[in-house]
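Chain and residue survey
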Amino acid sequence: MKYRKKGIKKEHHIIEDGEEVLHELVKNGLVKSVIPGRIKTTPKGQPGNIRLTFQYETNSGAKLLLKKGSTVQEVFVITEDTQKLREYLKKRFPKN
């Protein structure tokens, strides 16, 4: 496909440092494809660490939220095993 590179659709921008995290999911075989969505920022942006959270299952996979500080990006992934993905994200990005 025209905009795909290593399993990630490159039609939209990705939050800073988020691309590495998304490549990690593809590399580990957790997802077949990643489709980044819209980015929402706040006027008074806050710095912070990158994190990825599971939101809900979709027909073809799941919706995730990629966060860095106060910036949030929707990320849709195509996967066959949403439970395995959910468990991986809990271990990789534990809640503080």
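In case you missed it, the structure is sitting above this.
Residues numbered from 1 in each chain as written. Predicted model: local features only at pLDDT ≥ 70, side-chain atom pairs only at ≥ 80, totals over all residues. Heavy atoms only, no water.

**Details of helix H1 (residues 18–27)**
Inclusion rule: Summary of the burial criterion: residues with accessible area below 20% of their type's maximum are buried, those above 50% are exposed, and those between are partly exposed, where the area comes from a 1.4 Å probe applied to protein chains only. Secondary structure follows DSSP: runs of H or I at least 4 residues long count as helices, runs of E at least 2 residues long count as strands, and numbering of each begins at the N terminus. Picture the helix axis, draw a direction to every C-beta atom, and the arc is the one those directions span.
Turning to H1, its buried residues are Gly18, Val21, Leu22 and Leu25. Down the axis of H1, the buried set is contained in an arc of 95 degrees. They therefore lie on one face. Exposed residues on H1 whose side chains face more than 90 degrees from its buried face are Glu20 and Lys27. One or two positions beyond H1, positive phi appears at glycine 29, with a value near 75 degrees.

**Considering the pattern of salt bridges**
For clarity, the cut-off: Within this document, salt bridges are pairs made up of a side-chain nitrogen of Lys or Arg and a carboxyl oxygen of Asp or Glu, the two lying within 4 Å of each other.
This model, assessed by the stated rule, comprises 7 salt bridges. Among the ionic pairs, glutamate 24 bridges to arginine 92, the shortest N-O distance being 2.7 Å. One end of the pair, glutamate 24, is in helix H1; the other, arginine 92, is in helix H2 (residues 82–92), with 68 residues separating them in the sequence. Across the pair lysine 63 and glutamate 74 runs a salt bridge, and its minimum N-O distance is 3.2 Å. With lysine 63 in strand S5 (residues 61–68) and glutamate 74 in strand S6 (residues 71–78), the pair connects residues that are 11 residues apart, well separated along the chain. Since its relative accessible area comes to 12%, lysine 63 is described here as buried. Connected through shared salt-bridge partners, Glu16, Asp17 and Lys68 make up one network.

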